[in-house]
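# Structural characterization, general
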Amino acid sequence: MSTMLENLDSAARNAWAVTFGDGVEPYQPTPSTVVHAAPHETLRRYDRTTAASGNPVLLVPPLAVVISCYDLRPSQSVVEFLLEIGKQPYVVDYGDITWADRNMGLEDWTHRIVPDAVRRVSEAHGGAPVDLIGWSFGGMFSVLTAAAHADLPIASVTAVGVPFDQTKNPGTALPRLVGPITGGREVAYSTWMFGGIPKQLVRAGFRIQALEREITRPLFIGRNILDTEALARMESVDRFMARMPGYPGRFYRQVYRRLILRNELITGTVHIRSDLAVELAKLTCRVLLIGSKSDLLAPAASVEGGRQVLTGASEVRYEQVRGSHLGMLTAPEARDSAWKSIAEFLG
């Protein structure tokens, strides 16, 4: 009888928390210290209580997400894992993207924001080389930065879920079919009008990618009303999607024309501007590529394509793991798949 009453009490508290309350688990980010503050390039160092070992690690987020992609919640935190294995992680925080940022382009990240963050992290560690870890566009920023700046102290790049070959990405089949006919004007006009991709559309798009999850959410809550841990995992993803910022207009137009329509990553040369090109073969550090067959945004085959263009790298590894685009980095199973691969790669 007492167990039944306890279950009813837990179910009632969880039901209230996920509907009208503040959630079953408040968000508690890993403590960090701001070591450099500037618009779109705030650098944070995650706090350690013991001495670190090996190279410092710079986490490079993609655009249109917040830095919690690397620190979703306890036990689902890349940051927490890096601290556990003795690393000193940093993250560069771009902040919100607004109408005022509509003219920011790819080169702002590959030739200013990420290189500056690498230099600051290296200087803070006596000139030590830096290991970059980037998910999605963050991985692309990391690869292009390392290829464009041979002088940067970069020891390695780990690129998680970066689609190098769009011909192996079913999600871009329609725009690749329509784009050559329209010249990409549909994207150019809309991003010019709105100054980019508004955060509301970004959030809606991410939910559409996980449509089954959205449809079955009430059923999931009902089945797991007594499982606080499962509900906390669900909430952490909901919270993450609800805070997504938008894309700058010029950046999105560059990505659409050069990376999707022209598939320039797999050609080996990305023409960021008419007077600025990055040759991927000039990347010389070690590289780890991580992909998943369950990833709808960057299927495993498109990620593995990076092996054929990073010809100047001292080493290129490819690891196929489990999980969705976000899940392979943050799901509970990530510890024994993607995180394990990262730990082995970093040594």
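Everything in this summary refers to the structure shown in the same document. If you're wondering where the values come from, they're calculated on a predicted model, not measured in any experiment.

### Description of the side chain of His-40
Considering the arrangement of structural elements, one finds His-40 in the loop between strand E1 (32-36) and strand E2 (42-46). We classify His-40 as buried; its relative accessible area is 14%. For His-40, the side chain forms a polar contact with the main-chain oxygen of Tyr-94, separated by 2.7 Å. Apart from the residues within four sequence positions on either side, His-40 is in contact with Asp-93, Tyr-94, Asp-96, Ile-97, Asp-101, Met-104 and Ile-113.

### Structural notes on the side chain of Asp-101
Inspection of the secondary structure assignment puts Asp-101 in the loop between strand E4 (89-93) and helix H3 (106-124). One buried charged side chain, Asp-101, makes no salt bridge at all; its nearest oppositely charged neighbour is Arg-112, positioned 8.1 Å away. A polar atom in the side chain of Asp-101 sits 2.8 Å from the side chain of His-40. Ignoring sequence-local partners within four residues, the contact set of Asp-101 consists of His-40, Asp-96 and Pro-248.

### Things to note about unusual backbone geometry
We note that His-40 has phi near 70°; this positive angle belongs to a residue other than glycine. Even without a glycine there, the phi angle at Ser-75 is positive, about 75°. Inspection of the secondary structure puts Ser-75 in the loop between strand E3 (57-60) and helix H2 (78-84).

### A closer look at the environment of Thr-30
Residue position: Thr-30 is located in the loop between helix H1 (2-19) and E1. Spatially, the C-alpha atoms of Thr-30 and Asp-71 are 7.0 Å apart, while their sequence positions differ by 41 residues. Leave out the neighbours within four places in its chain, and Thr-30 touches Tyr-46, Asp-71, Ser-77, Val-79 and Leu-83.

### Side note on the pattern of salt bridges
Between side chains of opposite charge, a pair can form when the charged atoms approach closely. A complete count under the given rule lists 13 salt bridges for this structure. For the salt bridge of Glu-84 with Arg-335, the shortest nitrogen-to-oxygen distance reads 3.2 Å. In this pair, Glu-84 is assigned in helix H2 and Arg-335 in the loop between helix H14 (327-330) and helix H15 (338-346), connecting sequence segments 251 residues apart. Linked by salt bridges that have partners in common, Glu-41, Asp-108, Arg-112 and Arg-120 make up one network.

### Describing the pairing of E4
Across the five residues of E4, five count as buried, placing the element largely inside the fold. Side chains Pro-89, Val-91 and Asp-93 project from E4 onto one buried face, and the interleaved Tyr-90 and Val-92 project onto a second face that is buried too. Bridging between E2 and E4 involves four bridges; their strand directions are antiparallel. Bridging from a neighbouring strand, Thr-42 pairs with Asp-93 of E4. A crossover links E3 with its parallel partner E4, the connecting element being H2, and its sense is right-handed.

### Some thoughts on the sheet that holds strand E6 (residues 154-160)
Adjacent strands of a sheet pair through backbone hydrogen bonds, lying either parallel or antiparallel. Spatially, E1-E2-E4-E3-E5-E6-E11-E12 is the arrangement adopted by the eight strands of the open sheet, whose pairing is mixed. Taken across any chain shown, the strands that pair with only one partner, and hence form the sheet edges, are E1 and strand E12 (315-321). The mean inter-strand angle of the sheet, taken between neighbouring strand axes irrespective of direction, is 20°. Across six bridges, the pairing between strand E5 (residues 130-135) and E6 is parallel. Bridging across to E6, Val-130 finds its partner in Ile-154.

### Focus on a nonpolar patch on the surface
A contiguous nonpolar surface patch, about 290 Å² in accessible area, is contributed by Leu-174, Leu-177 and Val-178. Exposure remark for Val-178: the relative accessible area of 31% places this residue in the partly exposed category.

### Describing the packing of helix H6 (residues 185-194) against helix H11 (residues 249-261)
Their axes nearest at 9 Å, the elements H6 and H11 cross at an angle of 170°. The orientation of H6 with respect to H11, classified from their angle, is roughly antiparallel. For the pair H6 and H11, the contacting residues are Glu-186, Val-187, Ala-188, Thr-191 and Trp-192 in the first and Gly-249, Tyr-252, Arg-253, Tyr-256 and Arg-257 in the second.

### Digging into the pairing of E5
Counted residue by residue, E5 has six buried out of six residues, so it is predominantly covered. As paired elements, E3 and E5 share four bridges and run parallel to each other. Each bridged residue has a counterpart across the sheet, and for Leu-58 the counterpart in E5 is Leu-132.

### Regarding helix H10 (residues 228-242)
With 15 residues, H10 extends 21 Å from end C-alpha to end C-alpha; this agrees with the ideal 21 Å at 1.5 Å per step. Buried within H10 we find Ala-230, Leu-231, Ala-232, Met-234, Glu-235, Ser-236, Val-237, Asp-238, Phe-240 and Met-241.

### Topic: the packing of aromatic side chains
Applying the stated criterion across every chain yields a total of 10 aromatic pairs. On the basis of an interplanar angle of 85° and a centroid distance of 5.8 Å, the ring pair of Tyr-94 and Trp-109 is categorised as edge-to-face. With Tyr-94 in the loop between E4 and H3 and Trp-109 in helix H3, the pair connects residues that are 15 residues apart, well separated along the chain. In this structure Tyr-94 comes out as buried when scored by relative accessible area, which is 5%. Using a relative accessible area of 0% as the deciding quantity, one classes Trp-109 as buried.

What counts and what doesn't
- Sequence order sets the numbering: in each chain, residues are counted from 1 along the sequence as written.
- In view of the model being predicted, local features appear only for residues whose pLDDT reaches at least 70, and side-chain atom pairs are presented and counted only at 80 or more, with totals across whole chains, interfaces and linings using the full set of residues.
- In computing side-chain properties, one takes all heavy atoms of the structure into account and sets aside hydrogens as well as water.
- Helix and strand definitions follow DSSP, with helices as H or I runs of at least four residues and strands as E runs of at least two, each counted in order from the N terminus.
- Each residue is placed in one exposure class: buried if its accessible area under a 1.4 Å probe, protein chains only, is under 20% of its type's maximum, exposed if it is over 50%, and partly exposed if it falls in between.
- Counting of polar contacts relies on pairs of N or O atoms within 3.5 Å, with two restrictions inside protein: one atom must be capable of donating a hydrogen and the other of accepting it, and residues adjacent in sequence are counted only when both atoms are side-chain atoms.
- Whether two residues are in contact is decided by their heavy atoms, any of which lying within 4.5 Å being enough.
- Here Asp and Glu are counted as negative and Lys and Arg as positive; His is not counted, and neither are the chain ends.
- Salt bridges are defined as contacts in which a side-chain nitrogen from Lys or Arg sits within 4 Å of a carboxyl oxygen from Asp or Glu.
- Between any two strands, pairing holds if DSSP finds at least two bridges.
- We call a crossover right-handed when, viewed with the strands running away from us, the connection from the first strand over the helix to the second turns clockwise.
- Helix axes use the C-alpha atoms of the stretch in contact, all axes being lines fitted to C-alpha atoms, and the angles between their N-to-C directions lie in the range 0 to 180 degrees.
- Note on patches: the residues involved have over 30% relative accessible area and no salt bridge, like charges join within 9 Å, and the nonpolar side chains Val, Leu, Ile, Met, Phe, Trp and Tyr join within 5 Å.
- For the area figures, the Shrake-Rupley method with a 1.4 Å probe applies, and any residue is considered shielded solely by the protein chains shown.
- By definition in this entry, angles of less than 35 degrees are roughly parallel, angles greater than 145 are roughly antiparallel, angles of 65 to 115 are roughly perpendicular, and the rest are oblique.
- Expected helix span is given by 1.5 Å per residue-to-residue step, counting one fewer step than there are residues.
- Any two of the Phe, Tyr and Trp rings considered here, Trp counted by its six-membered ring, make a pair once their centres fall within 6.5 Å; the pair's planes then place it as stacked at under 30 degrees, edge-to-face at over 60, or tilted in between.

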